[in-house]
Amino acid sequence: MSTRRLTTAQALVSFLARQYTERDGRRQRLISATWGIFGHGNVAGIGQALLETGHSMPYFQGRNEQSMVHAAVGYARQSGRLSAHAVTTSIGPGATNLVTGAALATINHLPVLLLPGDTFATRPADPVLQQLEVPSAGDVSVNDCLRPVSRYFDRITRPEALVPAALQAMRTLADPAETGAVTLALPQDVQAEAYDWPEEFFAERIWYVRRPAPDAHELEQAVRAVRTARRPLIVAGGGVHHSAAEETLAAFAAATRIPVASTQAGKGSLRHDHPADVGGIGPTGTAAADELARTADLVIGIGTRYSDFTTASATLFSNPAVRFLNLNITGFDAHKLAALPLVADARTALEALTGALNERNYRVDPAYETECTEAKEHWEQRVDAAFGADDPHARPTQAQVLGLLDTLVTDDDILINAAGSLPGDLHRLWRTRSRRQYHVEYGYSCMGYEIPAAIGVQLAAPGRPVWALVGDGTYLMNPTEIVTAVQENLPIKVVVLQNHGYASIGGLSETVGGERFGTAYRHRSADGSFTGPPLPVDLAANAASLGMRVLRAKTVHDLREALTEARSADRPTCVYVETETADTVSGPPPAQAWWDVPVAETATRPSAVKAREDYDRHAAARRRHL
């Protein structure tokens, strides 16, 4: 048997460079690049291997380990989960900094390969620098924190153990039902240890991304459920995008006239102007979608996991006769809400369902179709009102910022957001023009995701305008990857909305009796509260100090010009605008459904007492769908 003598790290990097995915006849690299920050736990192993391997494995230099994972996740999502990045770190804090990003990847079913350094497998000195000692278990390290947030985890304590572990890692990354964060913990001594590797390990491998077809019995049940429903509603989730089923969904909706609402992950499954699109669903959704959800007698979930933001904390689907039909590639999600399951690839299942219903000439009642159309038209009028900015010399509201962007973007633009008040405004107001334009990470809703994710998206979509929309709270969490964008000359556009506080949580605090406590960025007053003047923080100057070109906008007129200039920029550019204060930042329209955030059951402050009364009233509407 022919062998090749390499270190474990060299073997791993060489192996990764020969892995491919293929779906629908399209082939691409499974691991197309590696992000890394080097320390004593990986510099002589993976670091040396990347140097030795050269251009066959591109390398990106990160500034924060969590951010590197976010960038990799942005890349994977924009690549349709068919291509991913690896992330390497040292041991200790470098490794534990991966945990948040890993959780985000796994919750959103997005592939990323994590390669944290680990303590010595041979234990020549114990403990070593940054080692966590567990008196009751000598084989535990900080990397074990990654176990619950990884879809696959292994610690490579011998070189030869890499062979089965690497193959399992690739299988998991390429599996549309299993994918997420995959962790191979690499003890620093094992990384540098040489071994005679079989040449077959480095053979080119193609991992076919399957499209499982629906079971005949489940398909027949699904057809019967749709045909007997009088008020069906589709809830499109992220699985529509992951399956590249957007055109199939559009054809299904055009044939059946069933209205389509979308989750945050599923928004953009239909263009905003498709007759069947009724907008986002849930507390951040549209009045049209939420009212249809309340009266639906059949909810057809496609690629959704039914988070509490989709179900309005189990209060939204209130028709006593409502049933559920779930198309999902995972049986776990397909069976939620006691649904009829249709376990299959979203596109394959939709094609089969469309064919079966067309054979029976199925279409919703014209009166229901008209009702949906009129509700959509009425909501669009509310969007126009929220986007409107009649006074060019006024300070813009957050909704007006989105309205100005709405007038500038085309199908090519990509918007990225994750946390704060912006996801709500985007979900209910944004008019999505193409299937990968709307990139809001709401599975983990992680502050600090946007800027690094924009870098990953820009790498996956060169030449397309990529916008990272961030509030001041999110910006302060994680601005450091701006340096990476500058280093790589990636022309991302970062729009910083300064509203002097945590606007989203401030509003929520007010509704639950918290009186916006601890949510404003202000000086401390004499009474100890944070009610003094706004902090003199200049985020625009900070972005400039990190190498970005910065455009400041004070008025609606200024902002229009700045956004226009940023869109055509060929270098990383920041648009900085101070919006209305935190208590008015979201503007109209308000939430269209409830979200369960428990309120203090006993309190002396009137705001909390009133909030509890409201909470009890809403909570009484919760139901279990059995």
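This section reports on the structure supplied with the text. (Residues numbered from 1 in each chain as written. Predicted model: local features only at pLDDT ≥ 70, side-chain atom pairs only at ≥ 80, totals over all residues. Heavy atoms only, no water.)

Our next topic: the state of the cysteines. Disulfides are covalent bonds that connect the sulfur atoms of two cysteines. The final tally for this structure, using the stated rule, is 0 disulfides. Left without a disulfide partner, Cys446 is nearest to the cysteine sulfur of Cys145, which lies 16 Å away. Look at Cys446 and you get buried, because its relative accessible area is 8%. (Disulfide = S-S within 2.5 Å. Buried < 20%, exposed > 50% of the residue type's maximum accessible area, 1.4 Å probe, protein only.)

Take the nonpolar core next. Counting residues in each nonpolar core, the largest one holds 53 residues, and the members touching the most others are Leu249, Ile300 and Ile302. The leading source of residues in this core is helix α14 (residues 346–359), at 6 residues. In this structure Ile300 touches Val226, Leu233, Ile234, Val235, Ile258, Tyr306, Leu325 and Leu327, once residues within four positions along its chain are discounted. Judged by nonpolar contacts, the second largest core, of 49 residues, contains Leu98, Ala103, Leu110 and Ala185. (Core = buried A, V, L, I, M, F, W, Y, C linked by side-chain atoms within 4.5 Å. Helix = DSSP H or I, 4+ residues; strand = E, 2+ residues; numbered from the N terminus. Contact = heavy atoms within 4.5 Å.)

What the rule picks out here adds up to 41 salt bridges. Of the charged contacts, one joins Asp144 and Arg147 as a salt bridge, the two residues approaching to 2.6 Å between their closest N and O atoms. Here Arg435 makes a salt bridge to Glu246, at a shortest N to O gap of 3.2 Å. With Arg435 in the loop between α17 (422–429) and β19 (438–440) and Glu246 in helix α10 (residues 246–256), this pair connects stretches of sequence that are 189 residues apart. (Salt bridge = Lys/Arg side-chain N within 4 Å of Asp/Glu carboxyl O.)

Looking at the element boundaries, Asp277 is found in strand β14 (residues 277–280). Using a relative accessible area of 11% as the deciding quantity, one classes Asp277 as buried. When the C-alpha positions of Asp277 and Val260 are compared, they lie 5.0 Å apart, and in sequence the two are 17 residues distant. Setting aside residues no more than four positions away along its own chain, Asp277 makes contact with Val260, Leu270, Arg271, His272 and Lys376.

Strand order in the open sheet formed by 6 strands is β14-β13-β12-β15-β16-β17, with parallel pairing between adjacent strands. Of all the strands in the sheet, the pair left with one neighbour each is β14 and β17 (340–343). For this sheet, the mean inter-axis angle between neighbouring strands, taken without regard to orientation, is 20°. With 3 bridges connecting them, strand β13 (residues 260–262) and β14 associate as parallel partners. Looking at β14, one finds that Val260 is bridged to Asp277. This element, helix α11 (residues 287–295), spans β12 (232–236), β13 and β14 of the sheet and lies at about 100° to β14. (Pairing = 2+ DSSP bridges. Axes fitted to C-alpha atoms, helices over the stretch in contact; angles between N-to-C directions.)

With that settled, the discussion passes to the side chain of Gln398. The residue Gln398 is located in helix α16 (residues 398–408) in this model. Within the structure, Gln398 has its side chain in polar contact with the side chain of Asp425 (distance 2.9 Å). (Polar contact = N/O pair within 3.5 Å; in protein donor to acceptor, adjacent residues only side chain to side chain.)

Counted according to the given criterion, the structure contains 12 aromatic pairs. Measuring from centroid to centroid gives 5.5 Å for Phe38 and Tyr59, while their planes differ by 25°, and the two rings are stacked. One end of the pair, Phe38, is in the loop between β4 (31–36) and α2 (43–53); the other, Tyr59, is in strand β5 (residues 59–61), and 21 residues separate them in sequence. Overall, the relative accessible area of 34% leaves Phe38 in the partly exposed class. In this structure Tyr59 comes out as partly exposed when scored by relative accessible area, which is 31%. (Phe/Tyr/Trp six-rings, centres within 6.5 Å; stacked < 30°, edge-to-face > 60°.)

Turning to the side chain of Asp472, a few remarks are in order. Its location among the elements puts Asp472 in helix α19 (residues 472–477). At 9.6 Å, Arg522 is the nearest oppositely charged side chain to Asp472, a buried residue that forms no salt bridge. Among the polar contacts listed, one links the side chain of Asp472 to the backbone nitrogen of His500, at a separation of 3.0 Å. Not counting the four nearest positions on each side in its chain, Asp472 is found in contact with Leu497, Gln498, Asn499, His500, Gly501, Tyr521 and Leu539. (Lys, Arg positive; Asp, Glu negative; His and termini not counted.)

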